[in-house]
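A closer look at the structure
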Amino acid sequence: VTGSYLIANNAIGNGNIDDMRSGILGFTTGPSSATGISISALQNANSYVTGNAIRNISSFGSNGGSYVAGIYSANSTTNTASINISGNTVYDLKTNSTRTGSASAHCSAFGINLSSGTNSLVTDNIVYNISNLYSGTTNTIVAGITHSDGSNATIARNTVYAILNMGTATSSTLPSISSGILVRSGANDIRVQNNMVSIGSSTVGNSCFIGIMMNHA
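Here is what the cut-offs are and how they apply
- Residues numbered from 1 in each chain as written.
- Predicted model: local features only at pLDDT ≥ 70, side-chain atom pairs only at ≥ 80, totals over all residues.
- Heavy atoms only, no water.
- Salt bridge = Lys/Arg side-chain N within 4 Å of Asp/Glu carboxyl O.
- Helix = DSSP H or I, 4+ residues; strand = E, 2+ residues; numbered from the N terminus.
- Buried < 20%, exposed > 50% of the residue type's maximum accessible area, 1.4 Å probe, protein only.
- Pairing = 2+ DSSP bridges.
- Patch = residues over 30% accessible without salt bridge, like charges linked within 9 Å, V, L, I, M, F, W, Y side chains within 5 Å.
- Areas by Shrake-Rupley, 256 points an atom, 1.4 Å probe, with all protein chains shown as cover.
- Polar contact = N/O pair within 3.5 Å; in protein donor to acceptor, adjacent residues only side chain to side chain.
- Contact = heavy atoms within 4.5 Å.

As for the pattern of salt bridges
Throughout the structure, instances matching the rule amount to two salt bridges. The residue Lys94 makes a salt bridge to Asp18 at a minimum N-O spacing of 2.7 Å. With a gap of 76 residues between them, Lys94 in strand S9 (residues 89-95) and Asp18 in the loop between strand S2 (11-12) and strand S3 (20-22) connect regions that are remote in the sequence. On the basis of relative accessibility, which here comes to 23%, the residue Asp18 falls in the partly exposed class. For Arg157, the salt bridge is made with Asp124, and the minimal N-O distance between the two is 3.0 Å. Of the two residues, Arg157 is situated in the loop between strand S14 (154-156) and strand S15 (159-165) and Asp124 in the loop between strand S11 (121-123) and strand S12 (126-132); the sequence distance between them amounts to 33 residues.

Below, the structure is given as structure tokens:
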């Protein structure tokens, strides 16, 4: 593509629980992934993802390769195009993944991920009810919005709440984490401003709650 990409005003998933599902809860043990919108890291064309509703997506696979995502941009340090993710609503995503950590901002469950591009924007999105049902004692991470590898990105005016991790890790260095916004890495200036994050209410498990996690590496 020599021009740009526009993904706008789509409804992905309907009002039914587990409307889009990969794997079967309690049965699938191999890698399982489910994503609403995926943006290639190789396209080098400006992308606009706006006004979409992404909901009721589940990935069931008790495996470290499993994950669920609403909007996902594959990580790249060479994609110089701009990715603009704005005005989307992402909610009711769940998994039972055993995936640990957040390499390339890719954790077990996340609403929106920006992992490439230059001068990109993640703005005015609403993300809620993102959960991992796995109750093991490992460093599982669930996040509303994540970032890595992009340059001069801005994450602003987003609303993130109800981020749930059922993990029970008690380690002070590798706990189970619920985070509103997680910045794993990036180049030059990364701006996180004027967002509303509310997490930790009515939870079970043993999550470490971090509103904005600047785990820059």
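As for the pairing of strand S5 (residues 47-50)
Burial of S5 is one-sided: the residues Ser47 and Val49 facing one way are buried, the residues Tyr48 and Thr50 facing the other way are not. Looking at chain direction, strand S1 (residues 5-8) and S5 are connected through four bridges and run parallel. When the sheet's bridge partners are listed, Tyr5 is paired in S5 with Ser47. Pairing of S5 with strand S8 (residues 83-86) involves four bridges; the strand directions are parallel. From the neighbouring strand, Tyr48 faces S8, where its bridge partner is Asn84.

Regarding a nonpolar patch on the surface
On the surface, a cluster of nonpolar side chains totalling about 240 Å² of accessible area is made up of Ile126, Tyr161 and Met196. Within the element layout of this structure, Ile126 appears in strand S12. A relative accessible area of 35% places Ile126 in the partly exposed class.

Focus on the side chain of Ser97
Following the sequence through the fold, Ser97 ends up in the loop between S9 and strand S10 (109-114). Polar side-chain contacts of Ser97 include one of 3.4 Å to the backbone oxygen of Asn63. Within the structure, the side chain of Ser97 is placed 2.6 Å from the backbone oxygen of Ser66, a separation counted as a polar contact. Once residues lying within four places of it in the same chain are set aside, the contact partners of Ser97 are Gly61, Asn63, Ser66, Tyr67, Ser108, Asn132, Tyr134 and Thr140.

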